[in-house]
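Chain residues, written in single-letter form:
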Amino acid sequence: MFRHPSAPFRAAPEGREAPSIAPRKLLAAITMVSAMSLAAVSAVSTAPAGATPAPGGGAPGQAGATPAPGEATPVPGEGDSEPSAGNPLPAGAEAFGASVRLASLRRHLERLQKIADADGDTRAAATPGYDASLAYVADRLRAAGYRVTSQEFKISFFREVAAPVLKRTRPAAKTYVPGTDFRTMTYSGSGNTTAPVQKVDLVLPPKQGVESTSGCEASDFSSFVRGNIALIQRGTCSFQDKAERAQAAGASGVIIFNEGQAGEGNADRRALLGGSVNTSTVRIPVVGTGFATGEELAAPGTKATLVVDAESAPDRRTRNLIAESRWGDPDRVVMLGAHLDSVMMGPGINDNGSGTAGILETALAAKSLRTTNRLRFAFWGAEELGLLGSKHYVAALPPRERAKIKLYLNFDMIASPNYVFGIYDGDSSGAISGATPPPGSGPIEKLFQAYFEAVGEPYQDAEFSGRSDYGPFIAVGIPSGGLFTGAERLKTAEEAEKFGGSAGVAYDKCYHQACDTIANINDKALEVNAGAIATAAFVYGYARDLPGPGTLGVPGGPGGTAVPGKGAVVPGTPDTAGPRTGAGGLESGHDHEHGGLLR
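Residues numbered from 1 in each chain as written. Predicted model: local features only at pLDDT ≥ 70, side-chain atom pairs only at ≥ 80, totals over all residues. Heavy atoms only, no water.

A. Highlighting the pattern of salt bridges. All told, the structure shown has 14 salt bridges when counted by the stated rule. Put simply, E259 and R269 hold a salt bridge, and the shortest N to O gap is 3.0 Å. Here the residue E259 occupies a position in the loop between β7 (253-257) and β8 (286-289), and R269 occupies one in the loop between β7 and β8, the gap between them amounting to 10 residues. Residue K446 is joined to D427 by a salt bridge in which the shortest nitrogen-to-oxygen separation is 3.5 Å. Note that K446 is positioned in helix α10 (residues 441-454) and D427 in the loop between β13 (422-424) and α10, a separation of 19 residues in sequence. Given the relative accessible area of 31%, D427 is considered partly exposed. Connected through salt bridges with shared partners, the residues R159, E311 and R316 form a single ionic network. (Salt bridge = Lys/Arg side-chain N within 4 Å of Asp/Glu carboxyl O. Helix = DSSP H or I, 4+ residues; strand = E, 2+ residues; numbered from the N terminus. Buried < 20%, exposed > 50% of the residue type's maximum accessible area, 1.4 Å probe, protein only.)

B. Region of interest: the side chain of T305. Following the sequence through the fold, T305 ends up in strand β9 (residues 303-324). At 2.7 Å, the side chain of T305 and the side chain of T194 are in polar contact. Contact partners of T305, with chain neighbours within four places excluded, come to V165, L166, K167, T169, N192, T193 and T194. (Polar contact = N/O pair within 3.5 Å; in protein donor to acceptor, adjacent residues only side chain to side chain. Contact = heavy atoms within 4.5 Å.)

C. Quick look at the packing of helix α3 (residues 102-118) against helix α4 (residues 128-143). Orientation of α3 relative to α4, taken along the N-to-C sense of each, is 150 degrees, at an axis distance of 9 Å. Taken as axis vectors, α3 and α4 run roughly antiparallel relative to one another. Considering how the two elements wind past one another, α3 and α4 form a crossing that is right-handed. Along its contact with α3, which presents R107, H108, R111, L112 and I115, the element α4 presents G129, A132, S133, Y136 and R140. Of the residues contributing to the contact of α3 with α4, the split by class is 4 nonpolar, 3 polar and 3 charged. (Axes fitted to C-alpha atoms, helices over the stretch in contact; angles between N-to-C directions. Parallel < 35°, antiparallel > 145°, perpendicular 65-115°, else oblique. Left-handed = near helix turned anticlockwise from the far one by under 90°. Nonpolar A, V, L, I, M, F, W, Y, C, P; charged D, E, K, R; others polar.)

D. Inspection of the state of the cysteines at higher detail. Scanning all chains against the criterion turns up 2 disulfides. For C216, the disulfide goes to C237, at an S-S distance of 2.0 Å. Disulfide C216-C237: the torsion about the S-S bond is -95 degrees, which places it as left-handed. You can see C216 sitting in the loop between β5 (191-199) and β6 (229-233) and its partner C237 sitting in the loop between β6 and α5 (239-248), a full 21 residues away along the chain. Given the relative accessible area of 8%, C237 is considered buried. With its sulfur 2.1 Å from that of its partner, C510 forms a disulfide with C515. On the sign convention where negative is left-handed, the bridge of C510 and C515, at about -115 degrees about the S-S bond, is left-handed. For the protein chain, the bonded cysteines pair up as 1-2, 3-4 when numbered in the order they occur along the sequence. (Disulfide = S-S within 2.5 Å.)

E. Structural detail: the layout of surface pockets. By volume, the second largest pocket amounts to about 540 Å³. Listing elements by their share of the lining of the second largest pocket, those giving two or more residues are β2 (147-170) and β4 (182-184). Its residues assigned to classes, the lining of the second largest pocket shows 16 nonpolar, 8 polar and 6 charged. (1 Å grid on protein atoms, 1.4 Å probe; cavity = no way out; pocket = protein on both sides within 12 Å on 5 of 7 lines; lining within 4 Å. Points joined across faces, edges and corners; volume = space filled by probe spheres on them.)

F. Inspection of the environment of T175 at higher detail. Tracing the chain through its elements places T175 in strand β3 (residues 174-176). Judged by relative accessible area, which is 53%, T175 ranks as exposed. The contacts of T175, once residues within four sequence positions are left out, are L166 and K167.

G. Fine view of a positive patch on the surface. Side chains of R111, K114, R140 and K367 sit close together on the surface and give a patch of like positive charge. Position of K114 among the secondary structure elements: in helix α3. (Patch = residues over 30% accessible without salt bridge, like charges linked within 9 Å, V, L, I, M, F, W, Y side chains within 5 Å. Areas by Shrake-Rupley, 256 points an atom, 1.4 Å probe, with all protein chains shown as cover. Lys, Arg positive; Asp, Glu negative; His and termini not counted. Charge placed at Lys NZ, Arg CZ, Asp CG, Glu CD.)

H. A look at the confidence of the model for the protein chain. When the pLDDT values of the protein chain are averaged, the result is 80; 74% of them are 70 or greater. This stretch, residues 82-89, has a pLDDT under 50; its non-local contacts, to residues over four places away or in other chains, come to 13 contacts. (pLDDT = per-residue confidence, 0-100.)

I. Just the packing of α3 against helix α7 (residues 349-365), in detail. Two elements in contact, α3 and α7, have axes separated by 9 Å at closest approach and are oriented at 130 degrees. Here α3 lies oblique to α7, going by the angle between them. The handedness of the crossing between α3 and α7 comes out as right-handed. Residues S104, L105, H108, L109, L112 and Q113 of α3 lie in contact with α7, whose contacting residues are I349, G353, S354, T356, A357, G358, L360, E361 and L364. Here the residues of the contact of α3 with α7 are counted per class, giving 7 nonpolar, 7 polar and 1 charged.

J. Quick peek at the pairing of β9. The sheet contact formed by β2 and β9 spans 19 bridges and is antiparallel. Among the inter-strand pairings, R147 is bridged to a residue of β9, identified as E324. Bridge analysis of β5 against β9 gives 6 bridges, and the strand direction is antiparallel. Pairing of A195 across the sheet is with A304, part of β9. (Pairing = 2+ DSSP bridges.)

K. Summary view of the pairing of strand β15 (residues 480-484). Most of β15 is tucked away, with 5 of its 5 residues classed as buried. Both strand β12 (residues 405-411) and β15 contribute to a ladder of 4 bridges, which runs parallel. Its bridge partner lying in β15, Y408 is registered against S480. Where β13 meets β15, 2 bridges bridge the pair, whose relative direction is antiparallel. Bridge pairing links I423 to L483 in β15.

L. Fine view of the packing of aromatic side chains. Here the structure, examined in full by the defined rule, presents 20 aromatic pairs. Their ring planes at 75 degrees and their centres at 5.7 Å tell us that F158 and Y187 sit as a pair that is edge-to-face. With a gap of 29 residues between them, F158 in strand β2 and Y187 in the loop between β4 and β5 connect regions that are remote in the sequence. For Y187, a relative accessible area of 7% corresponds to the buried category. If you follow R316 out to its NZ or CZ, it ends over the ring of F157, 4.1 Å from the centre. (Phe/Tyr/Trp six-rings, centres within 6.5 Å; stacked < 30°, edge-to-face > 60°. Lys NZ or Arg CZ within 6 Å of the ring centre and 35° of its normal.)

M. Examining α10 more closely. Taking 1.5 Å as the rise per residue, α10 with 14 residues should run 20 Å; its terminal C-alpha atoms sit 20 Å apart, in good agreement. Trailing α10 by a residue or two, G456 shows a phi angle of about 75 degrees, which is positive. (Expected span 1.5 Å × (residues − 1).)

N. Expanded view of unusual backbone geometry. For the peptide bond that leads from R170 to P171, omega is 10 degrees, which places it in the cis range. As for its position among the elements, P171 is in the loop between β2 and β3. With an omega of 10 degrees, the peptide bond between D351 and N352 qualifies as cis. Although it is not a glycine, Y187 sits at a positive phi angle of roughly 70 degrees.

As structure tokens, then:
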């Protein structure tokens, strides 16, 4: 575990409550955002998404309706939950933030690890490991008194039956390492080919800026030799377009390598490239590599072996899990979410057991809070296959039910071993382009900033790209925010100076790999971020006002249509989430998009 030099960290012993983190500073620092709007709750019952909750859950305008006997009791200090002249933050925030303890968070992660150990080392959607993970979370939440429902939806399933192979057979033999040198693209076809590697309109050395149109035009394949392996450079069109054109030209396999421009963070186009192509249309093996590997394979006379053994099924079913408090106004929903699934090749304890543990423990701690607004917790399925669970949920909500969700908070990878403390850039103040934040997203960002200032930790903007599970929410104008500690990108020297850790090393070296185990968790990052989650849940659970317009940025109010610049994802621009490519998982051209690898 890395210890930040400016903030010594010590885990709380088992059975003892960790001390609150700078409580007086926290109360003072969040003063400026305590009047920020909050939202509310709408009900998810045992009926389909958006249905009216069962009796006893409160009625519109009846905040804090009385639950059944024995279901919940007030917590100490909770009564003074409204801002006052001397205390603009609810008085119980300090105690509630301290109630989310590292030992409890670790217990959830240990359980998820055991589930993966027993189920083929994975918790991917539509696998026994995922189902067992969902059952564990559901059992804990039901025991805590939440209304818990599951929502089934169909997915296109993908898994690799065996490890992929990429070898250079000439001019000199070399074997490349899966997950380090290359990565199979999700929904790749299967195949075993040994053939010459043929370059397709490469730009070597790469020019400044995104210049390569490699594989984007039919003319790029005018002289392609059928049976060869197509070597294609990342650039201005999607992976899907490149793969389909190569397949039409008779390629026996496709290698897509990163474009090669040097830079830091999202500007670096040298790193290992991953992503996906669409289901069924591509039947040949497709893999991604970093720039160095691609440049190596571009040498004249290169011949290679490429093997992918994968399984796709277009009609598997999996589930989301939704838990709703019995307190608060059901017309004012404060929603928190994290994806529960892992990728197929690992147990996914940081990605995204960490976010799952953070909101699960917050929910358990909040079971007795008589909030003004209703709290709703979502555990999404099939995020890694393209935000499929959260997309299905939002699409299934009737307009009036959707309008009840006043804000959405997303937590995806909050304990990366070489972490940064990233806050989604809800006010678009950063240099990274992405989606247009709905009105109200900026104040959410400021709340998290105030928390990190209060606990004495640095922070920075995280790309607000729409490519994790908040994407479907911002696409319909719901104010959103969240936290992120980094994925496969390399930590910069400036970040290492600011946050500690190692420059030139990935935030999470085990991202989307088998080594994303319980050993891949940074305890300090996990505890600090879990405290931020709990703080936000408490503040927004009691807030009187919304963080954004009452119409949620949707012209005409409930039932209106989101438009670019008014809370919608802006489609069609290079390297931004659009209708085809937005994903926090592995949709067309996606690499979890924590690293900006869209095309």
